[in-house]
Amino acid sequence: MSEPAATPLPTSLKANPRLSQWLSFQADGTVQVRPGKVDLGQGISTALAQIAAEALGLDFHRIQMQGVSTASSPNEGMTSGSLSVQDSGSALRLVAAQARLCFLDEIARQHGLDTDQRARLQVNDGQISIDTAAPLGSYWTLSELGLLERDVVPQSGPHLASKPTHLHRLVGTPVQRLDLPPKLTGQTAFIHDLRLPGMLFGRVLHVPSPSAELLQVDLDAVKALPDVIATVRD
């Protein structure tokens, strides 16, 4: 019987296959997750955090979602069409699943585990053990080995599939929205708060109705106002 064909990579992963571009494990016991979709108030940062935590076998509070940055985030294109969970979520799910396998394989290598022992490895909030024995290591003890400096690969078989739905602890359950507390306490910075060196502000003046036609305007009077740099008539 031939092997089943590998599942194609999600579109976001084809363009951004490096595992370390999506995830990094911090010394304080958290995981930085870097999606390429922008949370515009639709709550995707919370949903994506649930997906990553579920696939990694972590408690939800360990996930630290990072804002999108052109310097470090995977380029997932524009955020639109209600596709963020579908596109970024499917990418993160596979990234987290392969990251988990990388750590399990390294623990098996370090401790000389046979195939049966390797299959019994479990992850409990980042701690890796066989059955209920004492942990053999954790994501954080292994994080400095550069295990995530590799590209995600299409794979087939059940070992990369997400947990069965009935085993989900986070995905599909209600959790507190990550973006709401800083918004409600005034900590969140919005684009209206952005200030850059030499930044100017423009104001658009429209005719009073779509059918109206602008016949004339006194631009000289506008230019004479304090701090007016330029006027543009379109």
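Provided above is the structure to which this section pertains.
Here is what the cut-offs are and how they apply
Residues numbered from 1 in each chain as written. Predicted model: local features only at pLDDT ≥ 70, side-chain atom pairs only at ≥ 80, totals over all residues. Heavy atoms only, no water. Helix = DSSP H or I, 4+ residues; strand = E, 2+ residues; numbered from the N terminus. Rg over C-alpha atoms; globule rule 2.2 N^0.38 Å. Buried < 20%, exposed > 50% of the residue type's maximum accessible area, 1.4 Å probe, protein only. Contact = heavy atoms within 4.5 Å. Areas by Shrake-Rupley, 256 points an atom, 1.4 Å probe, with all protein chains shown as cover. Phe/Tyr/Trp six-rings, centres within 6.5 Å; stacked < 30°, edge-to-face > 60°. Pairing = 2+ DSSP bridges. Axes fitted to C-alpha atoms, helices over the stretch in contact; angles between N-to-C directions. Lys, Arg positive; Asp, Glu negative; His and termini not counted. Salt bridge = Lys/Arg side-chain N within 4 Å of Asp/Glu carboxyl O. Core = buried A, V, L, I, M, F, W, Y, C linked by side-chain atoms within 4.5 Å.

Novice: Which parts of the structure should I look at to understand the overall build of the chain?
Specialist: Tallying secondary structure elements over the chain gives 8 helices and 6 strands in all. Taken from the N to the C terminus, the helices and strands of the chain come in the order α-α-β-β-α-β-α-α-β-β-β-α-α-α. Over its C-alpha atoms the chain spans a radius of gyration of 25 Å, topping by over 25% the 17 Å that the globule rule assigns to 234 residues. Its C-alpha atoms put the chain at 85 × 45 × 30 Å along the principal axes. Looking at the chain as a whole, 34% of its 234 residues qualify as buried. Pairs at least 24 residues apart make up 68% of the contacts formed inside the chain by residues separated by at least 6 positions. Per element, the accessible surface of the chain, about 15100 Å² overall, is 55% carbon and sulfur.

Novice: Sorry, what's going on with the packing of aromatic side chains here?
Specialist: The relative placement of two aromatic rings is captured by the distance of their centres and the angle of their planes. Considering all chains together, one arrives at 5 aromatic pairs under this definition. Relative to Y139, the ring of F25 has its centre 5.3 Å away and its plane inclined at 65 degrees; by these criteria the two rings are edge-to-face. With F25 in strand β1 (residues 23-25) and Y139 in helix α6 (residues 139-142), this residue pair connects regions lying 114 residues apart in the sequence. Note on F25: relative accessible area 11%, which makes it buried. Given the relative accessible area of 0%, Y139 is considered buried. Between Y139 and W140, the ring centres sit 6.0 Å apart and the planes meet at 55 degrees, which makes this aromatic pair tilted. Residue W140 is classed as buried on the basis of its relative accessible area of 16%. An aromatic cluster is present here, built from F25, F103, Y139 and W140 joined pairwise through their rings.

Novice: Would you mind going over the sheet that holds β1 with me for this structure?
Specialist: Within a sheet, neighbouring strands are paired by backbone hydrogen bonds and run either parallel or antiparallel to one another. With mixed pairing, the 3 strands of this open sheet are ordered in space as β1-β2-β3. Edge positions in the sheet fall to β1 and β3 (63-65), since each of these pairs with one other strand and no more. Shown here is a sheet whose adjacent strand axes are inclined to one another by a mean of 25 degrees, direction ignored. Here 3 bridges tie strand β2 (residues 31-33) to β3, and the two strands are oriented parallel to one another. Following the sheet pairing, V33 is matched in β3 by M65. Here helix α3 (residues 44-56) sits on the sheet and contacts β1, β2 and β3; the angle it forms with β3, its principal contact strand, is near 145 degrees.

Novice: Explanation requested: unusual backbone geometry in the structure shown.
Specialist: Leaving glycine aside, a negative phi is the common case for residues, and trans is the common case for peptide bonds. The backbone phi angle of D125 is positive, close to 55 degrees, even though this residue is not glycine. Phi at D227 takes a positive value of approximately 70 degrees, unusual for a residue other than glycine. Considering the arrangement of structural elements, one finds D227 in the segment after α8 (219-223). Assessed through its relative accessible area of 76%, D227 is described here as exposed.

Novice: Just checking my understanding: could you explain the sheet that holds strand β4 (residues 121-124) for this structure?
Specialist: The 3 strands lie next to each other as β4-β5-β6, forming an open sheet whose pairing is antiparallel. A single partner strand is all that each edge strand has here, and the edge strands are β4 and β6 (137-138). Looking at chain direction, β4 and strand β5 (residues 127-130) are connected through 4 bridges and run antiparallel. Of the residues in β5, the one forming a bridge with N124 is Q127. Contacting β4, β5 and β6, helix α4 (residues 84-110) crosses the sheet at an angle of about 125 degrees to β4.

Novice: Could you clarify how one ought to interpret the side chain of E76 in this entry?
Specialist: Here E76 shows up in the loop between β3 and α4. Of the side chains with opposite charge, K37 comes closest to the buried, unpaired E76, at an N-O distance of 5.3 Å. With near-sequence residues (within four places) excluded, E76 lies in contact with S12, N16, W22, P35, G36, K37, D87 and S88.

Novice: Even after reading the chapter, I still don't get the pairing of β5, so can you show me in this structure?
Specialist: Strand residues, when the strand is regular, have side chains that alternate between the two faces of the sheet. Linking β4 back to β5 in an antiparallel pair, the connection comprises 2 residues, with D125 at a positive phi of about 55 degrees. Note that β5 and β6 share 2 bridges and pair antiparallel. Bridge pairing in β6 links I128 to G137. Here β5 folds back onto β6 in antiparallel fashion, the turn holding 6 residues, of which D131 has a positive phi close to 55 degrees.

Novice: What's the story with the nonpolar core in this structure? I'm lost.
Specialist: When a protein is soluble and globular, its nonpolar side chains tend to lie buried together. Formed by 42 residues in total, the largest nonpolar core has its most connected members in V31, I63, I128 and Y139. Examining the composition of this core, we find that 11 residues originate from one element, α4, more than from any other. In this structure, I128 is in contact with F103, L104, I107, L121, Q122, V123, P135, L136, G137, S138, Y139 and L142, ignoring residues within four places of it in sequence.

Keep in mind that these numbers describe shape and distance, not what the molecule does.
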